[in-house]
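# Structural overview for review
One letter stands for each residue in the lines below.
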Amino acid sequence: MKISLKLYLLFLFGGLMKKIFWPFLLAIFIQQFVLPQQGWFKQNSPHDYQLYSVDFVNELVGWAVGGIYGVILKTTNGGGTWEFQQSGTEYWLYSIDFTDLKQRYGSR
């Protein structure tokens with residue numbers, strides 16, 4: 001039985017192409033859509049508090065809570081800098097949630 005060179009190359013590289021193409025396409029999909037955290041970066045904090053919760057009301061304004069004595073930190077520039085705010089409690093704060101700039105909920 002005689003197999004033409006063209007048919008043999010199509011069989012050889014056709015199967016190889018499937019083995020290479022789909023994993024390559026999957027890798028690109030994962031990189032572009034499944035791992036969107038590429039824009040994340042480590043940021044050093046001037047505070048030495050253990051934080052347990054962070055919530056943002058929009059892309060710029062957010063709060064973080066935790067640590068001993070009810071630590072509250074606020075940012076108005078998307079997390080570029082954080083300012084300490086008085087909480088008025090000595091309890092640790094474990095959670096914070098905002099529905100808008102005026103409605104906020106916390107738990108200890």
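Our structure is the block above this text.
Summarised in this report is the structure supplied together with it. Predicted, not measured: the structure shown is a model, and the values here were computed from it.

## Some details on the environment of Val57
Along the polypeptide, Val57 turns up in the loop between strand S1 (51-56) and strand S2 (62-66). By relative accessible area, Val57 is classed as partly exposed at 26%. In sequence terms Val57 and Phe98 are 41 residues apart; their C-alpha atoms lie 6.2 Å from each other.

## A look at the nonpolar core
Of all hydrophobic cores here, the largest spans seven residues; its members are Val61, Trp63, Val65, Ile72, Leu93, Ile96 and Phe98. Breaking this core down by element, the ones donating at least two residues are S2 and strand S5 (95-98).

## Regarding the packing of aromatic side chains
In this structure the tally under the stated criterion is four aromatic pairs. An angle of 45° between the planes, with centres 5.0 Å apart, marks the rings of Tyr52 and Tyr94 as tilted. On the criterion of sequence distance, the pair formed by Tyr52 in strand S1 and Tyr94 in the loop between strand S4 (83-85) and S5 is long-range, its members being 42 residues apart. Residue classification places Tyr94 among the partly exposed positions, given a relative accessible area of 42%.

## Brief notes about the pairing of strand S3 (residues 71-75)
Of all the five residues making up S3, four are buried; the element is thus mostly covered by neighbouring parts of the structure. By the bridge criterion, five bridges tie S2 to S3 in an arrangement that is antiparallel. For Trp63, the partnering residue across the bridge sits in S3 and is Lys74. Sheet analysis places S3 next to S4, joined by three bridges and oriented antiparallel. Note that in S4 the partner of Leu73 across the bridge is Phe84.

## Here's the deal with the pairing of S1
Across five bridges, S1 lies against S2 in antiparallel orientation. Along S2, the bridge assignment pairs Leu51 with Gly66. What sits between the antiparallel neighbours S1 and S2 is a turn of five residues.

Rules used throughout
Residues numbered from 1 in each chain as written. Predicted model: local features only at pLDDT ≥ 70, side-chain atom pairs only at ≥ 80, totals over all residues. Heavy atoms only, no water. Helix = DSSP H or I, 4+ residues; strand = E, 2+ residues; numbered from the N terminus. Buried < 20%, exposed > 50% of the residue type's maximum accessible area, 1.4 Å probe, protein only. Core = buried A, V, L, I, M, F, W, Y, C linked by side-chain atoms within 4.5 Å. Phe/Tyr/Trp six-rings, centres within 6.5 Å; stacked < 30°, edge-to-face > 60°. Pairing = 2+ DSSP bridges.

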